[in-house]
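In case you want the letters, here they are:
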Amino acid sequence: NAKPVFVTLGEQGSIVFDGYPHKIPAFRVEGPLDIVGAGDAYNAAAVFALTKGASFEEAALIGNAASSIVIKQIKVTGTAKLSDIIVLLEGL
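Residues numbered from 1 in each chain as written. Predicted model: local features only at pLDDT ≥ 70, side-chain atom pairs only at ≥ 80, totals over all residues. Heavy atoms only, no water.

So, on to the pairing of strand β3 (residues 21–24). For strand β2 (residues 14–17) and β3, the ladder comprises 4 bridges, and the chain directions are antiparallel. What sits directly across from F17, in β3, is P21. The turn joining β2 and β3, which pair antiparallel and follow one another in sequence, is formed by 3 residues; a positive phi near 110 degrees is taken by G19. (Pairing = 2+ DSSP bridges. Helix = DSSP H or I, 4+ residues; strand = E, 2+ residues; numbered from the N terminus.)

The subject of this paragraph is the side chain of N64. Within the secondary structure, N64 is located in helix α2 (residues 56–70). Once residues lying within four places of it in the same chain are set aside, the contact partners of N64 are G13, S14, I24, P25, A26, F27 and Y42. (Contact = heavy atoms within 4.5 Å.)

Given two aromatic rings, their pairing is described by the distance between the two centres and the angle made by the two planes. If you walk through the whole model with that rule in mind, you get 1 aromatic pair. Note on F6 and F56: the rings are 6.2 Å apart at their centroids and 90 degrees apart in plane angle, and the pair reads as edge-to-face. Of this pair, F6 sits in strand β1 (residues 5–8) while F56 sits in helix α2, and the two are 50 residues apart along the sequence. Relative accessible area serves as the criterion here: at 26%, F6 is assigned to the partly exposed category. (Phe/Tyr/Trp six-rings, centres within 6.5 Å; stacked < 30°, edge-to-face > 60°. Buried < 20%, exposed > 50% of the residue type's maximum accessible area, 1.4 Å probe, protein only.)

The next point concerns helix α1 (residues 38–51). Taking 1.5 Å per residue, 14 residues should reach 20 Å; α1 reaches 20 Å between its end C-alpha atoms and fits that length. For α1, the complete set of buried residues consists of A38, A41, Y42, A45, A46 and A49. Take α1 and look down its axis: the buried residues cluster within an arc of 120 degrees, on one side only. Facing away from the buried side of α1, by more than 90 degrees, are the exposed residues D40 and T51. Those residues of α1 hidden inside the fold are in contact with β1, β2, α2 and α3 (82–90). G53 sits one or two positions beyond α1 and adopts a positive phi of about 95 degrees. (Expected span 1.5 Å × (residues − 1). Arc of directions from axis to C-beta.)

This brings us to a nonpolar patch on the surface. On the surface, V5, V7 and F17 cluster together into a nonpolar patch covering about 210 Å² of accessible area. Within the secondary structure, V7 sits in strand β1. (Patch = residues over 30% accessible without salt bridge, like charges linked within 9 Å, V, L, I, M, F, W, Y side chains within 5 Å. Areas by Shrake-Rupley, 256 points an atom, 1.4 Å probe, with all protein chains shown as cover. Salt bridge = Lys/Arg side-chain N within 4 Å of Asp/Glu carboxyl O.)

Let us look at the pairing of β2. Looking at chain direction, β1 and β2 are connected through 4 bridges and run antiparallel. Bridge pairing in β2 links V7 to I15. What sits between the antiparallel neighbours β1 and β2 is a turn of 5 residues, in which G10 has the positive phi angle 60 degrees.

Spelled out as structure tokens, the structure:
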């Protein structure tokens, strides 16, 4: 249908297909992890980024950043604040 497809790959990041595959790297995360909410965080952050004019690849990177923040929050439904995402992205 000529629409982009976003596919999350866990520790391997994500891929965006917009006619061509674009591999988007994951953020390195160490220590105990809890993946509950990671996909929701990715989707919310990527969609938010798209509404602000981000490209598909930029949105996927922001989604990866959000999910990497959420999975470090053990035994809670994690959240990723915009300020935390920005700090993580500034470290690139």
